[in-house]
Structure formats: structure tokens, C-alpha cells
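Listed below are the residues making up each chain.
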Amino acid sequence: MNASTTARTPRRRTLRVALAALTVAAGLTLTACSGADAAASKPAGQAAAAEAGGTGAAAGAKAGSGAGAGNAAETRSGAEATRSGGTSARSESGAPDKTVTLVDGSKAEVYDLGNQNFRARIVHDGEVLTTLETKDSDAAADLNGMYVLLTMGGDVHSWEGGAQTGPGTFTLAGGWQAKVTKVGELHFRAEIIGHEGSVDATLEANEHADGVDANGISIVLTAGGEISAHE
């Protein structure tokens with residue numbers, strides 16, 4: 001039995017040594033694999049972070065470009081708005097294009113609005129009495145018996161007297177005929193009849209005067225039915 005025991009003992013040691021060696025080797029292998037995985041995963045993580053950062057930066061740059069484009073558009077819009085409002089603002093607050101003295105000493109400050117449109121402020125002793133504006137037609141006013149006509153050419157004519165009161169048919173300066181009819185309260189109409197009997201113009205004085213330049217003859221119809229012409 002002693003011999004048998006002695007014979008088994010070296011085998012057990014050998015097995016334990018071999019098992020220990022295998023364990024150490026396995027541990028080294030696992031450590032090496034773990035290190036390799038860590039080494040591999042770390043650059044991948046950094047690359048992912050870098051890629052994410054790069055994408056974010058690119059997106060930020062694009063967004064910044066969009067904001068810049070928006071600012072540029074706003075700047076252009078503001079400039080265009082300034083340009084578009086420049087003439088109007090200048091016409092309202094700047095010096096008139098010309099000033100005409102009326103028959104009663106008042107002043108007509110005339111502003112050229114473009115496209116045959118003119119505005120005239122009638123000023124007396126620093127007070128604006130009325131404002132006339134041509135919008136594709138002549139404009140007129142009755143200022144206590146003084147008649148004023150602003151033409152689409154920017155000319156201002158003024159006179160006093162010579163009024164005839166409708167309804168009725170009247171002969172005017174220059175050989176024109178005016179057929180005046182009452183439409184309603186403070187509303188009269190006048191048909192301006194030429195030499196051949198044709199109606200060449202129609203005036204509508206509805207709560208304010210209306211007028212026309214008929215071949216150099218200024219004609220004004222008031223809301224009270226008075227019609228006056230001046231050559």
C-alpha cells in the first residue's frame with residue numbers, strides 16, 4: 001500500500017500543476033482578449049463621439065448659415081421697404097416740388113407723386129385749408145367762393161365768381177354747355193357738352209367739389225349745385 005500510495009502522489013501533483021498552468025494560461029488569454037476588446041472599443045467610441053460631434057458641428061454651421069441668410073433677407077427687405085417708402089415720406093415731409101399763389105393769396109404746395117398723380121396742400125396763414133390729390137382725374141375744391149382746380153399735369157388754377165346754380169343747363173367759358181342735375185342732398189351731377197352735342201365729361205359733386213380741365217377751360221361743380229368755369 002505504501003508503494004501504491006507513493007506511486008499515486010506524483011500523478012496528483014502533476015495534475016494540480018497542469019490544472020494550475022491551464023488556469024494561469026486561461027487567465028492570461030482572457031486578460032489579453034479583454035485588453036484587445038477594450039483597446040478596440042475605445043477608438044470606436046472615440047470615433048463615434050467624433051462623428052457625432054462633427055455632425056453636430058456641421059448641423060450648427062448649416063443652421064448658422066440659415067440664420068445668416070435670414071438676417072440678409074431681413075436686411076434686404078428693410079432696404080426695399082425704405083426705398084419703397086422713400087418717395088412718399090419725402091413727398092409728405094419734404095419741400096414741395098412747387099408752390100403756387102392762389103387768387104386770394106393762399107398758397108398751393110404741390111407734390112409730384114409720379115404717374116401723373118399730384119397732391120396740393122392749400123395753405124393760408126400757416127393753416128392747411130384742404131388737400132387735393134389727382135388719382136387718374138383732375139381734383140377740385142370750393143373754398144368760400146374761390147374755386148381751385150388741380151390737373152393731372154400738376155397745374156393749379158384758381159378764380160372767384162362766375163358761378164351758376166343748378167339744376168339747369170348753362171353756357172360756360174370756351175363755348176361749353178353744362179347740364180346740371182340734382183342727384184341727392186349735397187350731390188349734383190354735371191354733363192359737360194361739347195360743340196357737337198356730345199357729352200365729353202361728367203362731374204360728380206357728392207359732398208365735395210369735382211372739376212375738369214376741358215381743353216384749357218377750368219370747370220368746377222360744387223356739392224351745392226354751383227358750376228363755374230374759368231379760361
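Up top is the structure these notes are about.
For clarity, every value in this text was computed on a predicted model and none was experimentally measured.

Q: Hey, could you run me through the overall build of the protein chain in this one?
A: When its secondary structure is counted, the protein chain shows one helix and 15 strands. Taking all 231 residues of the protein chain together, the buried fraction comes to 26%. The contacts of the protein chain with a sequence gap of at least 6 include a subset with a gap of at least 24, amounting to 31%. When the accessible surface of the protein chain is totalled, it reaches about 14100 Å², and 54% of it is carbon and sulfur.

Q: Quick question: what am I supposed to make of the sheet that holds strand β3 (residues 117–124) here?
A: Across a sheet, paired strands are connected by hydrogen bonds in the backbone, their directions being either parallel or antiparallel. In spatial order, the strands read β1-β2-β3-β4; together these four strands make up an open sheet with antiparallel pairing. Taken across any chain shown, the strands that pair with only one partner, and hence form the sheet edges, are β1 (98–101) and β4 (127–133). The sheet shows a mean angle of 25° between the axes of neighbouring strands, direction not considered. As defined by bridge partners, β3 adjoins β4 across six bridges and the pair is classed as antiparallel. The residue bridging Arg119 from the neighbouring strand is Glu133, located in β4.

Q: Help me understand the nonpolar core in this model?
A: Soluble globular proteins tend to bury their nonpolar side chains together. In this structure, Ile192, Ile219, Leu221 and Ile227 are the most contacted members of the largest nonpolar core, which totals 17 residues. Contributing elements (two or more residues each) for this core: β10 (177–184), β11 (187–193), β12 (199–206), β13 (210–214), β14 (217–221) and β15 (226–230). Residues contacting Leu221, with those up to four places away along its chain left out, are Val180, Phe188, Arg189, Ala190, Leu203, Ala205, Ala209, Asp210, Glu226 and Ile227. If you look at the next biggest cluster of nonpolar residues, it comprises 14 residues, including Ala108, Phe118, Leu132 and Met146.

Q: So what exactly am I meant to see when it comes to the pairing of β1 here?
A: Both faces of the sheet carry side chains from a regular strand, because those side chains alternate between them. Here β1 runs beside strand β2 (residues 107–114); their pairing, made up of four bridges, is antiparallel. Of the residues in β2, the one forming a bridge with Thr101 is Lys107. Counted along the chain from β1 to the antiparallel partner β2, the turn is five residues long, and its residue Gly105 has a positive phi close to 95°.

Q: For this particular structure, what's the right way to read the pattern of salt bridges?
A: Any two side chains of opposite charge can pair, on the condition that their charged atoms come close. Inspection of every chain in the model, using the stated rule, returns four salt bridges. Measuring nitrogen to oxygen at the nearest pair gives 2.8 Å for the salt bridge that ties Arg121 to Glu109. Of this pair, Arg121 sits in strand β3 while Glu109 sits in strand β2, and the two are twelve residues apart along the sequence. Arg121 gets classed as partly exposed once you look at its relative accessible area, which sits at 28%.

Basis of the calculations
- Residues numbered from 1 in each chain as written.
- Predicted model: local features only at pLDDT ≥ 70, side-chain atom pairs only at ≥ 80, totals over all residues.
- Heavy atoms only, no water.
- Helix = DSSP H or I, 4+ residues; strand = E, 2+ residues; numbered from the N terminus.
- Buried < 20%, exposed > 50% of the residue type's maximum accessible area, 1.4 Å probe, protein only.
- Contact = heavy atoms within 4.5 Å.
- Areas by Shrake-Rupley, 256 points an atom, 1.4 Å probe, with all protein chains shown as cover.
- Pairing = 2+ DSSP bridges.
- Axes fitted to C-alpha atoms, helices over the stretch in contact; angles between N-to-C directions.
- Core = buried A, V, L, I, M, F, W, Y, C linked by side-chain atoms within 4.5 Å.
- Salt bridge = Lys/Arg side-chain N within 4 Å of Asp/Glu carboxyl O.

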